[in-house]
Amino acid sequence: MKRRNFLKKASLGSMATIMGIDIVHAAAIPKGYIPLLFQDNDPYKLFGKDEEMTLLNDKPWNMEAKAHLLDDKVTPSKYMFIRNNGLVPKNIDVSKWTIVFDGESIKTPKTYTLSELKSKFKHYTYQLTLECGGNGRSEFNPPAKGNQWTVGAVSCANWTGVRLRDVLNDVGVKEDAVYIGYYGADLHLSQDPNKDAISRGVPMSKALMDETLLAFQMNGEDIPLAHGYPLRLVAGGWPASASGKWINRISIRNIVHDGVKMTGTAYRVPCKPVAPGEKVTDEDMCIIESMPVKSLITYPKSGAVLKNKRSLEIRGHAWAGELAVSKVAYSIDFGASWIDCKLEKATNRLAWQHFSATVNFPKEGYYEIWVRATDSNGLHQPMLLPGWNPKGYLNNACHRIAVKVS
Ligand SMILES: Nc1nc2c(c(=O)[nH]1)N[C@H]1C(S)=C(S)[C@@H](COP(=O)(O)O)O[C@H]1N2
Ligand SMILES: [Mo]
C-alpha cells in the first residue's frame, strides 16, 4: 500500500517536525501502526486520490498516475497527477476570493470577485491536456534533479470558466503587452509570504486563444483543492506549469514575465541540442512552449498475459501540444515495422485523442507493444530518449508494454 511506503520513507520524527508536533512516546508506537495524526495528513484522503497513485514527494505534495489509471477518456480527479511547488493554500474563503489584473501593460489595475467573473463573462468548457514539463524525467541519464516522474504526470479533464481574452478586453490592455504572468495563493515552502512558490505565464498570443481559460470548474464540479480551487488559469498543450493554480493576480507585462521559475534553467531547454551532461549557460536556454507529440498505452497494463488467444485490444491517448495528432502506430518488433492504429479526432483543440488497435501475435512468447504518435507537422516520437537537457524536460519517448502470449 502506497500510504505505508510513504510512512516508511519519511521518519516519524521528521514528519512530526513538519507538522510542528512532538510525539512524546514515538518509540513505543507498534510496528506498522499509523498514528491518527498522520492518518489525517494522508494525501490520498486529503486530495481524494486513488490508492494506486504514486506519491513522489510529501513537501510539497507531488503524485503521479500509472499508465493504466489514465484509461478514461476524460481524466477523473482521483487519477490526476498533482504537482505543487509550494504549500497548498488553507482556509480558502470563496466569498472573498478576488483576482487583480495589473502590470506595466494595463491602463488601470482592475479587481474582480469570483462571482463578478462568473456573472460578467460567458462560460466555456474545453477538454484540455495538461502535462508537466518534467513528465518522463526519471529516464534521463545523467539524471536530472527534480521529481522523478515516470509517465503519469499528464491529465486531460474538462475545464469550465471564462476566456482570459474576454476578461483582458474588459480590463483594457496596452499595445505593448507581450506576456501575462500569474500569481497564486500557495505559500513558498519557506512559508515566507514575500516569496512566490511559482509565478509563470504565457505570451499574449497564447493568453488570447479561445481555449485559454480562467477556470472555476473541473469535470463539472468545483475545481478540487489540489488542482487550484477556486480559480485556475488553464493553458492546454503547454507545460502545465503555465497553468497557475489558486490564482489571485495576473500581471500584463511589457517584457517576458520574469516571475519565479520563468528564468534560469526552470522550464527551459537548450535552444540548440547539447551532449548529455554538457553545461549550458542561461542565455542558451529557451522557454518551453508547446509540448511535443506523445502517447500513452492505457490498456492493457504492462505485463498482460494472453492465454489461448493470439489477439489483443489495446488503447490509449495521444497528444501534441498546440498541434493535432495525425497518426498513431504500434510495433511488436521493436520498431522494425509499424501498423496504424485507429485514431479518433479530439473533442476540441488541445484535448488528447484516443487510439485503439487489435494486435495479432504470430506465435507464443514474449512481446513488447510500442506505440508511436505523429503530429500534424509530420514529427513523430523518438523510440527512446529525445535530446538530453539539464533539467530533464520533454521526454516524449514511445511508451511500451510487455505482453506474454502463452
Ligand atoms: N500556484 C501554482 N500553480 C501551479 C503550480 C504550483 O505549484 N503553484 N504548479 C505548476 C506545475 S509545475 C504543474 S505541472 C501544474 C500541475 O497541475 P495539477 O497539480 O493540477 O496536475 O500546475 C502548475 N500550476
Ligand atoms: Mo510541472
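Quick look at the structure, then. (Residues numbered from 1 in each chain as written. Chains lettered and ligands numbered in written order. Predicted model: local features only at pLDDT ≥ 70, side-chain atom pairs only at ≥ 80, totals over all residues. Heavy atoms only, no water.)

## Structural notes on the overall build of the chain
Reasoning step 1: A tally of helices and strands in the chain yields 7 helices and 24 strands.
Reasoning step 2: In summary, the chain has a C-alpha radius of gyration of 22 Å against a globular reference of 22 Å for 406 residues, a match within 12%.
Reasoning step 3: In terms of overall dimensions, the chain has a C-alpha envelope of 70 × 60 × 45 Å along the principal axes.
Reasoning step 4: In the chain, buried positions account for 50% of the 406 residues.
Reasoning step 5: As displayed, the chain offers around 18400 Å² of accessible surface, 53% of which is attributable to carbon and sulfur atoms.
Reasoning step 6: When the 51 positive and 41 negative side-chain charges of the chain are each reduced to one mean point, those points stand 4 Å apart. (Helix = DSSP H or I, 4+ residues; strand = E, 2+ residues; numbered from the N terminus. Rg over C-alpha atoms; globule rule 2.2 N^0.38 Å. Buried < 20%, exposed > 50% of the residue type's maximum accessible area, 1.4 Å probe, protein only. Areas by Shrake-Rupley, 256 points an atom, 1.4 Å probe, with all protein chains shown as cover. Lys, Arg positive; Asp, Glu negative; His and termini not counted. Charge placed at Lys NZ, Arg CZ, Asp CG, Glu CD.)

## Re the site of ligand 1
Reasoning step 1: Taken together, 18 residues are adjacent to ligand 1, and Phe81, Asn85, Asp186, His227 and Lys245 come closest.
Reasoning step 2: Residue Arg83 places a main-chain N or O atom 3.0 Å away from an oxygen atom belonging to ligand 1.
Reasoning step 3: At 2.9 Å, a backbone N or O of Ser243 approaches a nitrogen atom of ligand 1.
Reasoning step 4: Considered on its own, ligand 1 offers 540 Å² of accessible surface; in the complex 100% of this is hidden by protein.
Reasoning step 5: Judged by the fraction of its atoms near the pocket grid, ligand 1 is located in the largest cavity.
Reasoning step 6: Within the shell around ligand 1, the residues separate by chemical class into 8 nonpolar, 6 polar and 4 charged. (Near = heavy atom within 4 Å. Polar contact = N/O pair within 3.5 Å; in protein donor to acceptor, adjacent residues only side chain to side chain. 1 Å grid on protein atoms, 1.4 Å probe; cavity = no way out; pocket = protein on both sides within 12 Å on 5 of 7 lines; lining within 4 Å. Sits in = over half its atoms within 2 Å of the grid points. Nonpolar A, V, L, I, M, F, W, Y, C, P; charged D, E, K, R; others polar.)

## What about the sheet that holds strand S19 (residues 325–331)?
Reasoning step 1: Strand order across the open sheet formed by 5 strands is S17-S24-S23-S19-S20, with mixed pairing between neighbours. Because the sheet does not close on itself, it has two edges, and the strands there are strand S17 (304–306) and strand S20 (339–340).
Reasoning step 2: Direction of pairing for S17 relative to strand S24 (residues 399–405): parallel, over a ladder of 3 bridges. Across the sheet, Val305 pairs through a bridge with Lys404, a residue of S24. (Pairing = 2+ DSSP bridges.)

## Regarding the sheet that holds strand S18 (residues 311–319)
Reasoning step 1: Sheet architecture is open: 4 strands sit in the order S16-S18-S22-S21, paired in antiparallel fashion. The outermost strands of the open sheet, each flanked by one partner alone, are strand S16 (294–299) and strand S21 (342–343).
Reasoning step 2: Of the pairings in the sheet, the one linking S21 to strand S22 (residues 353–360) comprises 2 bridges and is antiparallel in character. Along S22, the bridge assignment pairs Leu343 with Phe355.

## So, the pattern of salt bridges
Two side chains of opposite charge can pair, provided their charged atoms sit close to one another.
Reasoning step 1: Within the structure shown, the criterion is met by 16 salt bridges.
Reasoning step 2: In this structure, Glu344 engages Lys73 in a salt bridge whose closest nitrogen and oxygen atoms are separated by 3.2 Å. Taken as a pair, Glu344 in the loop between S21 and S22 and Lys73 in the loop between strand S2 (61–64) and strand S3 (82–83) lie far apart in primary sequence, 271 residues in all.
Reasoning step 3: The salt bridge partner of Lys110 is Asp170, with a shortest N-O separation of 3.2 Å. Pair noted here: Lys110 is in strand S5 (residues 110–113) and Asp170 is in helix H6 (residues 164–171), with a separation of 60 residues, a long-range link.
Reasoning step 4: We classify Lys110 as partly exposed; its relative accessible area is 28%. (Salt bridge = Lys/Arg side-chain N within 4 Å of Asp/Glu carboxyl O.)

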